[in-house]
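Reading the structure
The chain contents come next:
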Amino acid sequence: MKFPSLRHLLFPVVLALLSPGANAGELVVIVSAKSPVAALRADQVADIFLGQVGRFPDGGEAVALDQGIGSAQRDEFYTKVAAKTPALVKAYWSKMIFTGRGQPPREAPSSAAIRKLVADNPSLIGYIDRSALDASVKPVLALH
């Protein structure tokens, strides 16, 4: 019996990863279209989502809204913005809660739910798939 070479097994995987549609699900950090915030840096977003800062740079209240635990978007978001794995995020919030220094962001079940909540409240900030954008919200950071 002849087995396929490793090269023949990996070629389709590498090709799929390099194809233009491989990263179709780009995440964007959003605020309400009514918000005065125009753009944020990744470190500013990380500070808001990790409870280090409760205000936007203009002084307005900033309330983070997370995707659900275990969602691919949430894992990608924290990896790209805060350089934290899901386990590190969990450990971080366990410590913050235990020491009384903070509570994790409220969660919403989907990009559509986050978009709706953020659109209705200029204090909220969330992240969604770029394909879920509409005129009710505006992107302030794209996560590549």
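Below you will find a few notes about this structure.

Across the interface, helix H2 (residues 42-49) lies against helix H3 (residues 72-82) with an axial gap of 9 Å and an inter-helix angle of 125 degrees. On the basis of their axis angle, the class for H2 and H3 is oblique. Residues Ala42, Val45, Ala46 and Phe49 of H2 lie in contact with H3, whose contacting residues are Phe77, Tyr78, Val81 and Ala82. Each residue belonging to the contact of H2 with H3 can be placed in one class, and the counts come to eight nonpolar, no polar and no charged.

Put simply, the largest pocket is a space of about 230 Å³. For the lining of the largest pocket, the secondary-structure elements that each account for two or more residues are H3 and helix H4 (86-98). In terms of residue count, H4 provides more of the lining of the largest pocket than any other element does, six residues in total. Taken together, the residues that form the lining of the largest pocket break down as seven nonpolar, two polar and four charged.

We now examine the pattern of salt bridges. Under the definition given, this model contains seven salt bridges. Its salt-bridge partner being Arg130, residue Glu26 comes within 2.6 Å of it at the nearest N-O pair. Remark: Arg130 occurs in the loop between strand S4 (124-129) and strand S5 (137-143) and Glu26 occurs in the loop between helix H1 (6-18) and strand S1 (27-32); sequence separation between them is 104 residues. Its relative accessible area of 15% is what places Glu26 among the buried residues. Put simply, Arg41 and Asp43 hold a salt bridge, and the shortest N to O gap is 2.9 Å. Among the charged side chains, a salt-bridge network with shared partners connects Asp66, Arg74 and Glu107.

Right, let's talk about the packing of aromatic side chains for a bit. Summed over all chains, the structure comprises five aromatic pairs. On the numbers, 5.1 Å between centres and 85 degrees between planes, the contact of Tyr92 with Trp93 is edge-to-face. Tyr92 sits in the buried class, given a relative accessible area of 17%. Of the aromatic side chains, those joined through ring pairs into one cluster are Phe49, Phe77, Tyr78 and Tyr127.

Definitions and cut-offs
- Residues numbered from 1 in each chain as written.
- Predicted model: local features only at pLDDT ≥ 70, side-chain atom pairs only at ≥ 80, totals over all residues.
- Heavy atoms only, no water.
- Axes fitted to C-alpha atoms, helices over the stretch in contact; angles between N-to-C directions.
- Helix = DSSP H or I, 4+ residues; strand = E, 2+ residues; numbered from the N terminus.
- Parallel < 35°, antiparallel > 145°, perpendicular 65-115°, else oblique.
- Contact = heavy atoms within 4.5 Å.
- Nonpolar A, V, L, I, M, F, W, Y, C, P; charged D, E, K, R; others polar.
- 1 Å grid on protein atoms, 1.4 Å probe; cavity = no way out; pocket = protein on both sides within 12 Å on 5 of 7 lines; lining within 4 Å.
- Points joined across faces, edges and corners; volume = space filled by probe spheres on them.
- Salt bridge = Lys/Arg side-chain N within 4 Å of Asp/Glu carboxyl O.
- Buried < 20%, exposed > 50% of the residue type's maximum accessible area, 1.4 Å probe, protein only.
- Phe/Tyr/Trp six-rings, centres within 6.5 Å; stacked < 30°, edge-to-face > 60°.

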